[in-house]
Protein chains: 2
Amino acid sequence: MAFDRLISGIIKTQNPTVAGLDPKLDYVPDSIRNACFEKYGRTLEGAAAALLEFNKALIDSLCDIVPAAKPQAAYYEMYGWQGVRALAETIAYARSKGMFVITDGKRNDIGTTMEAYAAAHLGKTSVAGESVSAFGADALTVNGYLGTDGIKPLLKICAEEDKGVFVLVKTSNPSSGELQDRELADGATVYEQMGRMCESWGEELRGEYGYSAVGAVVGATYPAQLGELRKKLPHTFFLVPGYGAQGGGADDVKNAFDERGLGAVINSSRGIMCAWQKQGLAHEDFAEAARAEALRMRDELLGAIGNIG
Amino acid sequence: MAFDRLISGIIKTQNPTVAGLDPKLDYVPDSIRNACFEKYGRTLEGAAAALLEFNKALIDSLCDIVPAAKPQAAYYEMYGWQGVRALAETIAYARSKGMFVITDGKRNDIGTTMEAYAAAHLGKTSVAGESVSAFGADALTVNGYLGTDGIKPLLKICAEEDKGVFVLVKTSNPSSGELQDRELADGATVYEQMGRMCESWGEELRGEYGYSAVGAVVGATYPAQLGELRKKLPHTFFLVPGYGAQGGGADDVKNAFDERGLGAVINSSRGIMCAWQKQGLAHEDFAEAARAEALRMRDELLGAIGNIG
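Residues numbered from 1 in each chain as written. Chains lettered and ligands numbered in written order. Predicted model: local features only at pLDDT ≥ 70, side-chain atom pairs only at ≥ 80, totals over all residues. Heavy atoms only, no water.

J.: Sorry, what's going on with the sheet that holds strand β6 (residues 139-142) of chain B here?
T.: All names here are of chain B. Strand order around the closed barrel formed by eight strands is β1-β2-β3-β6-β7-β8-β9-β10, with parallel pairing between neighbours. Sheet twist, expressed as the mean angle between neighbouring strand axes with direction ignored, is 30°. Where strand β3 (residues 100-107) and β6 come together, three bridges link them in parallel fashion. In the sheet register, Thr103 faces β6, and the bridge partner there is Leu140. (Pairing = 2+ DSSP bridges. Helix = DSSP H or I, 4+ residues; strand = E, 2+ residues; numbered from the N terminus. Axes fitted to C-alpha atoms, helices over the stretch in contact; angles between N-to-C directions.)

J.: Where do I start with the pattern of salt bridges in this structure?
T.: Oppositely charged side chains are able to pair whenever their charged atoms sit close together. Going through the model one piece at a time under the given rule, you end up with 47 salt bridges over all chains. One salt bridge connects Asp186 of chain B with Arg196 of chain B, and the closest N-O pair in it is separated by 3.3 Å. Taken together, the residues Asp186 of chain B in the loop between α8 (177-180) and α9 (190-201) and Arg196 of chain B in helix α9 connect sequence positions 10 residues apart. Three or more residues joined by partner-sharing salt bridges are found here, namely Arg5, Arg95, Asp138 and Asp162 of chain A. (Salt bridge = Lys/Arg side-chain N within 4 Å of Asp/Glu carboxyl O.)

J.: Explanation requested: the sheet that holds strand β8 (residues 214-218) of chain A in the structure shown.
T.: Hydrogen bonding along the main chain pairs the strands of a sheet, whether they run parallel or antiparallel. Residues and elements named next belong to chain A. Pairing within the closed barrel is parallel, and its eight strands lie in the order β1-β2-β3-β6-β7-β8-β9-β10. Adjacent strand axes in the sheet meet at a mean angle of 30° when their direction is disregarded. Set on the sheet, helix α10 (residues 223-232) makes contact with β7 (164-170), β8 and β9 (238-240); between it and β9 the angle comes to about 170°. Strand contacts of helix α14 (residues 286-305): β1 (17-21) and β10 (264-268), with the helix running at about 145° to β10, the strand carrying the most contacts. (Contact = heavy atoms within 4.5 Å.)

J.: Sorry if this is basic, but what is going on with the interface of chain B and chain A here?
T.: Interface size is commonly expressed as the accessible area that is lost once the parts come together. Across the boundary between the two partners, chain B contributes 72 residues, which contact 72 residues of chain A. Buried surface at the junction of chain B and chain A, summed over both partners, amounts to about 5700 Å²; 60% is from carbon and sulfur atoms. Among the residues chain B hides against chain A, the three largest losses belong to Trp81, Tyr145 and Leu179 of chain B. Together they make up 14% of the total. One can count six salt bridges joining chain B with chain A. In this structure, the salt-bridge partner of Asp186 of chain B is Arg182 of chain A, at a minimum N-O distance of 3.6 Å. Linking chain B to chain A there are 39 residue pairs in polar contact (both at pLDDT 80 or more). Tallied by class, residues from the side of chain B that touches chain A come to 35 nonpolar, 22 polar and 15 charged. (Buried area = accessible area lost by both parts, 1.4 Å probe. Polar contact = N/O pair within 3.5 Å; in protein donor to acceptor, adjacent residues only side chain to side chain. Nonpolar A, V, L, I, M, F, W, Y, C, P; charged D, E, K, R; others polar.)

J.: Is there a simple way to explain the relation of the copies chain B and chain A in this structure?
T.: These two copies of the chain differ by a rotation about an axis and a displacement along the same axis. Of the transformation placing chain B onto chain A, the axial shift is 0.0 Å and the rotation is 180°, giving an RMSD of 0.0 Å. The superposition operator between the copies reduces to a two-fold rotation axis. (Least-squares fit on C-alpha atoms with pLDDT ≥ 70 in both.)

J.: Whenever I open this one, the packing of aromatic side chains confuses me. Can you help?
T.: Each aromatic ring pair is characterised by the separation of its centres together with the angle its planes make. According to the stated counting rule, one finds 11 aromatic pairs over all chains in the structure shown. Here the aromatic rings of Phe3 of chain B and Phe237 of chain B are separated by 5.7 Å at their centres, their planes lie at 35°, and the arrangement is tilted. Within this pair, whereas Phe3 of chain B is found in the segment before α1 (4-13), its partner Phe237 of chain B is found in the loop between α10 (223-232) and β9 (238-240), the two being separated by 234 residues in sequence. Accessibility expressed as a relative area gives 1% for Phe237 of chain B, which makes it buried. Judged by centre distance (5.5 Å) and plane angle (85°), the ring pair of Tyr211 of chain B and Phe237 of chain B falls under edge-to-face. Of this pair, Tyr211 of chain B sits in the loop between α9 and β8 (214-218) while Phe237 of chain B sits in the loop between α10 and β9, placing them 26 residues apart in sequence. Exposure class is identical for Tyr211 of chain B and Phe237 of chain B. Each is buried. Ring pairs connect the aromatic residues Phe3, Phe100, Phe166, Tyr211 and Phe237 of chain A, which therefore count as one cluster. Here the basic side chain of Arg230 of chain A rests over the ring of Phe238 of chain A, its NZ or CZ set 4.0 Å away from the ring centre. (Phe/Tyr/Trp six-rings, centres within 6.5 Å; stacked < 30°, edge-to-face > 60°. Buried < 20%, exposed > 50% of the residue type's maximum accessible area, 1.4 Å probe, protein only. Lys NZ or Arg CZ within 6 Å of the ring centre and 35° of its normal.)

J.: Which parts of the structure should I look at to understand helix α2 (residues 30-40) of chain B?
T.: An α-helical turn contains 3.6 residues, so a residue and the one three or four places further along point in the same direction. The complete set of buried residues in α2 of chain B reads Ile32, Arg33, Cys36 and Phe37 of chain B. Buried residues along α2 of chain B cover an arc of 125° about the axis, so they all sit on one side. Exposed side chains of α2 of chain B directed beyond 90 degrees from the buried face belong to Glu38 and Lys39 of chain B. Looking at the buried side of α2 of chain B, the elements it contacts are β4 (125-127) of chain A together with α3 (44-62) and α14 (286-305) of chain B. Positioned one or two residues after α2 of chain B, Gly41 of chain B has a phi angle of 85°, which is positive. (Arc of directions from axis to C-beta.)

J.: Hey, could you run me through the confidence of the model for chain A in this one?
T.: Low-confidence regions, as indicated by low pLDDT, have predicted coordinates that should not be scrutinised in detail. The share of residues in chain A with pLDDT of 70 or more is 100%, and the mean pLDDT across the chain is 96. In the model output, the complex is listed with pTM 0.98 alongside ipTM 0.97. (pLDDT = per-residue confidence, 0-100.)

Structure (structure tokens):
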């Protein structure tokens with residue numbers, strides 16, 4: 001129920017990290033790229049094959065120490081439907097290795113259309129009486145600008161199929177405040193109002209750790225708001241981007257956690273994927289470098305929050 | 001520049017309509033479905049092939065009288081990467097028939113990731129020195145909750161490649177007011193603030209009709225707000241969903257237009273795709289029924305707003 005599976009994985013690995021899989025072709029070593037281009041040509045198909053192979057090597061290297069993976073849909077869509085096939089195969093591969101997979105799609109629409117997104121990314125699609133899984137992640141990031149009827153179709157699938165969503169509340173980017181920090185007439189900010197809506201949407205969907213299936217995206221780059229929201233949203237699990245490449249550190253994210261060291265999962269994408277550069281290793285050693293960086297990040301986070309669970 | 005190509009098409013056809021291509025498998029006649037299932041099995045591939053054939057017949061039947069098409073990404077993602085391939089092929093086919101294609105994806109993310117979405121849906125992707133078009137629509141719907149740096153990467157492509165975006169401002173769904181109608185401390189509502197941001201984002205990107213490349217999504221189901229926003233956002237072209245199946249009529253949408261009959265394009269999805277039901281025709285006659293409904297809708301809109309241009 002809710003994020004219990006994710007939380008169990010975090011406790012088991014003592015690691016509140018999600019590895020962002022946002023693979024640009026530039027991140028893939030020449031040896032993989034060239035082999036794929038040779039096989040499929042310098043085409044979207046060749047590029048997508050290279051991304052998938054890169055991802056699989058990362059997943060193999062991380063799956064026993066990092067409990068979750070977060071592929072970012074944009075980096076797959078960029079390579080056309082061939083890239084989107086690589087997304088589907090990445091999700092399936094990471095899940096087969098025991099990782100909790102969050103598709104970062106920030107999807108949003110009105111009710112009837114949101115049903116289609118919910119079926120696509122978390123549920124099943126009916127094809128002539130057969131129930132088929134299209135992408136089948138464990139959780140999906142969504143944008144709540146449209147209000148309750150854009151979220152409701154997701155709640156049904158969360159309840160029935162043990163899935164979760166993360167709603168954008170306070171995003172990590174520099175201009176996030178332009179709308180999100182605006183003060184409403186009642187004194188709350190727009191992001192606080194969005195946070196309240198998350199608590200309310202998740203009310204019937206709480207799991208054994210007290211967190212509901214409706215989580216929130218709150219950026220590491222705004223540590224004060226992160227701490228404030230942790231207190232105000234006691235049943236809302238946080239997905240925290242912005243650690244590492246965007247500037248957030250362990251001290252910035254520790255406010256995202258409750259006294260048990262639960263309540264949040266911290267994303268690192270480029271930090272893990274491109275760790276070989278930082279460690280002065282050869283590009284070909286990207287998978288080992290990613291593992292070393294994931295262990296370093298785990299230790300840094302545990303140093304700030306203590307043991308988990 | 002900006003939406004000039006769309007506006008020229010609207011003037012030429014004297015029809016401010018965009019045909020929503022949101023094909024559920026149930027909308028596809030048995031004859032097409034069965035042929036595709038026979039060829040590809042009762043699989044996502046079979047379903048996607050049926051959607052594409054359905055879309056192509058609709059496009060053939062509409063392209064000389066309806067200037068634009070709006071495929072809704074959710075209904076393709078629902079059928080997996082195979083469905084997403086049908087989306088890419090639908091976009092290419094509609095463009096080859098002279099239609100202006102708006103991908104309705106409501107995409108949103110931070111700057112670096114939005115660059116990937118912009119390349120995916122409007123621009124080009126670089127693959128080993130080759131520039132490849134992944135989806136290549138003329139415009140994309142986006143969600144501005146993240147503020148300026150989630151929009152900027154799109155503006156560059158709009159300027160360089162003659163593309164447009166539509167930002168969600170006031171959506172057509174019943175619960176859209178939960179966040180969007182909230183009053184800010186300065187007296188404006190959240191949707192008005194979003195509208196102001198559209199005017200500002202589009203400032204450098206105005207075309208010959210006075211409208212910029214940054215449009216807004218404003219629902220037909222809120223006619224008062226539609227009229228109010230038309231006055232307040234004189235350079236922002238509107239994409240108006242909610243006509244027909246969601247309850248909006250010609251009188252509701254006429255406020256979306258300026259005195260020249262320009263300034264908006266009205267979407268009809270189910271109204272056109274499922275017109276055969278309303279007209280008491282056989283399912284197989286869906287394409288002719290869609291054309292008859294598109295002509296009826298055009299006449300209804302022209303009756304309300306007068307000649308265009």
